[in-house]
Number of protein chains: 2
Amino acid sequence: MTISPPMRGFPDAEYAARTELAQIRMAEAGLDAILLLTEPEVQYFTGFQSLFWQSPTRPWFVLVPVSGKPIAIIPEIGASLMRRSWIDDIRTWSAPAPQDDGISLLIEALSSLRTLGVMKGHETHLRMPLGDWERLMTALTGLRVADATQLVQGLRMVKSPAEIDKLARICAIGSATFDMVPQIAREGMPLEDVFRAFRREALAQGADGAPYVVGASAQGGYADVISPPDATPLAAGDILMLDTGLVLDGYYCDFDRNWAIGHADDTARRAYDVLWRATEAGLAAARPGNSCRDLFHAMSAVIAEMDDSGGDIGRLGHGLGLQLTEQPSHAAFDTTTLQENMVLTLEPSLSYGDGLMMVHEENIVVTPQGGRLLSTRAAPDLPVI
Amino acid sequence: MTISPPMRGFPDAEYAARTELAQIRMAEAGLDAILLLTEPEVQYFTGFQSLFWQSPTRPWFVLVPVSGKPIAIIPEIGASLMRRSWIDDIRTWSAPAPQDDGISLLIEALSSLRTLGVMKGHETHLRMPLGDWERLMTALTGLRVADATQLVQGLRMVKSPAEIDKLARICAIGSATFDMVPQIAREGMPLEDVFRAFRREALAQGADGAPYVVGASAQGGYADVISPPDATPLAAGDILMLDTGLVLDGYYCDFDRNWAIGHADDTARRAYDVLWRATEAGLAAARPGNSCRDLFHAMSAVIAEMDDSGGDIGRLGHGLGLQLTEQPSHAAFDTTTLQENMVLTLEPSLSYGDGLMMVHEENIVVTPQGGRLLSTRAAPDLPVI
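All of these numbers come straight from a predicted model, not from anything done at the bench.

Caption draft 1: Representation of the interface of chain B and chain A in the model. Facing the 72 residues of chain B at the interface are 72 residues of chain A. Approximately 6200 Å² of surface area, both sides summed, lies buried where chain B meets chain A, with 57% of it carried by carbon and sulfur atoms. Counting the surface chain B buries against chain A, the share from its top three residues, Arg 196, Arg 200 and Ile 226 of chain B, is 12%. Taken together, the connections running from chain B to chain A amount to eight salt bridges. Residues Glu 192 of chain B and Arg 8 of chain A are paired through a salt bridge, measuring 2.7 Å at the closest nitrogen-oxygen approach. Taken together, the links from chain B to chain A amount to 36 residue pairs in polar contact (both at pLDDT 80 or more). Going through the elements one at a time, helix H3 (79-83), helix H5 (130-139), helix H9 (191-204) and strand S7 (209-219) of chain B are the ones with two or more residues in the side of chain B that touches chain A.

Caption draft 2: Up close: the sheet that holds strand S4 (residues 89-93) of chain B. Residue and element names in this part refer to chain B. If you walk across this open sheet you meet the six strands as S4-S3-S2-S1-S5-S6, and the pairing is mixed. Two strands bound the open sheet, and with one partner strand each, they are S4 and strand S6 (144-147). With strand direction ignored, the average angle separating the axes of adjacent strands in the sheet is 25°. As paired strands, strand S1 (residues 33-36) and strand S5 (residues 115-118) are joined by three bridges and run parallel to one another. Residue pairing in the sheet places Ala 33 in a bridge with Leu 116 of S5.

Caption draft 3: How the structure looks around the sheet that holds strand S5 (residues 115-118) of chain A. Residues and elements named next belong to chain A. Strand order in the open sheet formed by six strands is S4-S3-S2-S1-S5-S6, with mixed pairing between adjacent strands. In the strand order of this sheet, the two ends are held by strand S4 (89-93) and strand S6 (144-147), each with one partner. On average, each strand axis in the sheet is inclined to that of its neighbour by 25°, with strand direction left out of account. In the sheet, S5 pairs with S6 via four bridges, with the strands oriented parallel. Paired with Leu 116 across the strands is Val 145, a residue of S6. Against the sheet, helix H1 (residues 12-29) makes contact with strand S1 (33-36) and strand S2 (61-65), and its axis sits at roughly 65° relative to S2, the strand it touches most. In the packing of helix H4 (residues 103-110) onto the sheet, contacts are made with S1, S2, strand S3 (71-75), S4 and S5, and the angle to S4 comes to roughly 145°.

Caption draft 4: Representation of the relation of the copies chain B and chain A in the model. Laying chain B over chain A is done by rotating through 180° and shifting 0.0 Å along the axis; what remains is an RMSD of 0.0 Å. Each copy turns onto its partner about a two-fold axis. Same-surface contact between copies: 100% of interface residues of chain B are shared with the interface of chain A.

Caption draft 5: The environment of Pro 75 of chain B, seen in detail. All names here are of chain B. Within the secondary structure, Pro 75 is located in strand S3 (residues 71-75). The exposure class assigned to Pro 75 is buried, which follows from its relative accessible area of 0%. For the pair Pro 75 and Met 299, spaced 224 residues apart in the sequence, the C-alpha separation amounts to 46 Å. Contact partners of Pro 75, with chain neighbours within four places excluded, come to Arg 58, Pro 59, Trp 60, Thr 92, Trp 93 and Ala 95.

Caption draft 6: Fine view of the domain arrangement of chain A. All names here are of chain A. Taken domain by domain, chain A holds domain 1 (12-156) and domain 2 (158-373). Placing a centre on the C-alpha atoms of domain 1 and another on those of domain 2 gives a separation of 33 Å. The interface of domain 1 with domain 2 comprises 12 residues on the first partner and 15 residues on the second. Roughly 1100 Å² of surface becomes buried between domain 1 and domain 2 when both sides are summed, with 35% attributable to carbon and sulfur atoms. For the pair domain 1 and domain 2, the interface holds three salt bridges. A salt bridge links Glu 123 to Arg 315; the nearest nitrogen and oxygen atoms lie 3.4 Å apart. One can count 12 residue pairs in polar contact (both at pLDDT 80 or more) joining domain 1 with domain 2. Residue contributions to the side of domain 1 that touches domain 2 peak at four residues, all from helix H6 (residues 149-157). Residues belonging to the side of domain 1 that touches domain 2 are distributed by class as follows: three nonpolar, five polar and four charged.

Caption draft 7: Summary view of the environment of Glu 187 of chain A. Within the secondary structure layout, Glu 187 of chain A lies in the loop between helix H7 (161-184) and helix H8 (191-204). Beyond its immediate chain neighbours, meaning those up to four positions away, Glu 187 of chain A contacts Leu 234, Ala 235, Ala 236 and Ile 261 of chain A.

Caption draft 8: Molecular detail of the state of the cysteines. Scanning the model with the defined rule gives zero disulfides over all chains in all. Of all cysteine sulfurs, the one in Cys 171 of chain A lies closest to Cys 292 of chain A, which takes part in no disulfide; the gap is 18 Å. For the unlinked cysteine Cys 171 of chain B, the closest cysteine sulfur is that of Cys 253 of chain B, found at 5.4 Å. Overall, Cys 171 of chain B belongs to the buried group, its relative accessible area being 0%.

Caption draft 9: Structural detail: the pattern of salt bridges. A complete count under the given rule lists 46 salt bridges over all chains for this structure. In this structure, Lys 120 of chain A engages Glu 134 of chain B in a salt bridge whose closest nitrogen and oxygen atoms are separated by 2.7 Å. You can see Lys 120 of chain A sitting in the loop between S5 and helix H5 (130-139) and its partner Glu 134 of chain B sitting in helix H5, one on each of two chains. The exposure class assigned to Glu 134 of chain B is partly exposed, which follows from its relative accessible area of 32%. Residues Asp 193 of chain B and Arg 196 of chain B are paired through a salt bridge, measuring 3.1 Å at the closest nitrogen-oxygen approach.

Caption draft 10: Molecular detail of the side chain of Ser 227 of chain A. Mapped onto the elements of the fold, Ser 227 of chain A is located in the loop between strand S7 (209-219) and strand S8 (238-248). Overall, Ser 227 of chain A belongs to the buried group, its relative accessible area being 4%. When residues no more than four places from it in sequence are discounted, the contact partners of Ser 227 of chain A are Phe 195, Val 214 and Gly 215 of chain A together with Leu 81 and Arg 84 of chain B.

Caption draft 11: The packing of helix H7 (residues 161-179) of chain B against H9 of chain B, seen in detail. Residues and elements named next belong to chain B. Relative to each other, H7 and H9 sit at 135°, their axes nearing to 9 Å. Here H9 runs oblique to H7, going by the angle between their axes. Of the two possible hands of crossing, H7 and H9 adopt the one that is right-handed. Mapping the contact onto sequence places Ile 173, Thr 177 and Phe 178 in H7 and Phe 198, Glu 201 and Ala 202 in H9. The residue inventory of the contact of H7 with H9, partitioned by class, reads four nonpolar, one polar and one charged.

Caption draft 12: Representation of the packing of aromatic side chains. Scanning the entire structure with this criterion turns up 20 aromatic pairs over all chains. A ring pair is formed by Phe 48 of chain A and Trp 60 of chain A, whose centres lie 5.2 Å apart and whose planes are at 40°; its orientation type is tilted. In this pair, Phe 48 of chain A sits in the loop between helix H2 (39-46) and S2 while Trp 60 of chain A sits in the loop between H2 and S2, placing the two residues 12 residues apart along the sequence. Across this residue pair, the class does not change: Phe 48 of chain A and Trp 60 of chain A are buried. Seen from their ring centres, Phe 52 of chain A and Trp 60 of chain A are 6.4 Å apart, and the 85° between their planes marks the pair as edge-to-face. By the burial criterion, Phe 52 of chain A is buried, and Trp 60 of chain A matches it. Through a chain of ring-to-ring contacts, the aromatic side chains of Phe 48, Phe 52, Trp 53 and Trp 60 of chain A assemble into a single cluster. The side chain of Lys 166 of chain A reaches across the aromatic face of Phe 10 of chain A, ending 4.9 Å from its centre. When the ring centre of Phe 178 of chain B is taken as reference, the NZ or CZ atom of Arg 257 of chain B above it lies at 5.8 Å.

Rules used throughout
- Residues numbered from 1 in each chain as written.
- Chains lettered and ligands numbered in written order.
- Predicted model: local features only at pLDDT ≥ 70, side-chain atom pairs only at ≥ 80, totals over all residues.
- Heavy atoms only, no water.
- Contact = heavy atoms within 4.5 Å.
- Buried area = accessible area lost by both parts, 1.4 Å probe.
- Salt bridge = Lys/Arg side-chain N within 4 Å of Asp/Glu carboxyl O.
- Polar contact = N/O pair within 3.5 Å; in protein donor to acceptor, adjacent residues only side chain to side chain.
- Helix = DSSP H or I, 4+ residues; strand = E, 2+ residues; numbered from the N terminus.
- Pairing = 2+ DSSP bridges.
- Axes fitted to C-alpha atoms, helices over the stretch in contact; angles between N-to-C directions.
- Least-squares fit on C-alpha atoms with pLDDT ≥ 70 in both.
- Buried < 20%, exposed > 50% of the residue type's maximum accessible area, 1.4 Å probe, protein only.
- Domains from an automatic or database assignment.
- Nonpolar A, V, L, I, M, F, W, Y, C, P; charged D, E, K, R; others polar.
- Disulfide = S-S within 2.5 Å.
- Parallel < 35°, antiparallel > 145°, perpendicular 65-115°, else oblique.
- Left-handed = near helix turned anticlockwise from the far one by under 90°.
- Phe/Tyr/Trp six-rings, centres within 6.5 Å; stacked < 30°, edge-to-face > 60°.
- Lys NZ or Arg CZ within 6 Å of the ring centre and 35° of its normal.

Below, the structure written as structure tokens:
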């Protein structure tokens, strides 16, 4: 089965609505414009989608003014693709140009502004040389720079029906791929071959790409959840975990699955059961009006049956969309109020035994009835391959 | 055929040698330490390799002091994996922690230093929140920050034999994958399915991942080289171009191939021939002592037979290694002197007709005899599928 999207991208109205809502909040915050430098934000406001972001060489700039369409200030190599978007004002330079990589164009575009929003808070990066940023600030001494992180993240957290449709499709592809793992993986198979076969299956199921595949396989549990694979063969008694971010038309799934190879001991079965029930508690708590902290505590209360250390992952899930991980965080520090149509991961984890851990993950939409699953719910008992 | 590496990573001696050379240059430059924040640099000095960098949530810091091993200041979620590296001093915090995402640990580590190197030049990003960087600088008012871009890029440009071995392996996998395209692609096949099949083949050939696959297929040539695919079927008279960055154990290939679907017109054949010969000129010029500018002019002289516009890609190739694109750039502005064992792409391109373009790309090692191909040389005449 191949699940394909009916179309790529969105109608212009989707981008216009996003921009309009941003502009309402910019006006409230007293911002003349917001300068965006990072892939998901540029894609969110323009629809510009390219794997070329993997090359660090060239900076890309999009300016969202408080009224009117966004303005693209980009390397000439991207002009043809950007012209297919809903954006009209596209200014380019022949990049790379180390002496002036878009800085003159930026100064010209920003010189008449008084207050500029820039994303400089939690979970952001400055995707341009720091030296160029300093040059820009030196040239624009009259410009007030305000942090626009919460404004932009706040928009992106709540998904439109069209975005949820794309997320549902890639989650369905992820679920179909995980369903094939018992036919792919077997005792004796090197873990790196399991990863490769998993990626091939995800593409066969219709994913555009399988950029994120991590996991582990080790006796009775695993020591971490971010490792690349090696050639160690799957062994009886292993717990195999695969965690994947697959992508379709720019939107990600992000969930994992666990299997026992050959047989599982009681501790691993119990850990699995605790995490499965922690996820149930998360699903029930994922309602508008609850906070991320509430969601965290609902899952933690179940996890505490077996592990009261709080784990070392730092949170029990997060937002999901154009990025593998987005705001908010299900953690005690995050008091973000859940809203209908937020798309989230529920990711309870626990530690046990001698440095072992286990992680479960599902993808959901927040609804008044609680979390609606986008991923096909994991089996209630630890499956054995 | 699956080409697999004999082992993952490198012996500790490789990282020790890299660190030692960095420290010699740091001492010459008067730097007490270099602070690294980005994936390829952290991997270069520690061997830490994880796809988890795709999550923007957590910053990662590695401090290379002027003597002694590097120090990792990282989220707890990465501690287990970092402990498998040659690094001994690993300091962690439970991230994400928006109020203090490693900043206190950084301040403690940096407070005794006088001069800190940071990469803030061309082709670099600040992979931490700008607001946190500003907090750090405010807390360390006595610290002098110097630009370490050229120091670090200068080290990374010249590859060790062990690195060249890994690069040769992934280039061989890329070549084997391109060889299969005439069996994968056919008239009538949607371009997005060609991309998916190409990625699956790359994994079957032994790549760990196929993160970068871009290209196009259009009548007589294509309009840009960074687009994602859509469902448009390949048509007779199209020029199909696929450009790929495949990865094996952290090292990338980056080259492309062109095919005509069904038949090709004379202009496309001529463009192909000019670019093939421009690559020959690049191979001959890729000797120690020549500069990147020389390499650029050698290829440009041939390209000018058909196109004297200079194109809109901005350069005719670049460095290659832990990143899809690295320093240096084959451009008139780049006077970097070529050194033996630099690994480069040769990427001549030209524009023709009504907004069409064509790009060739090969991967090479600089030797006293000129460029030694890591990719299997493209056919001298435009192949027809």
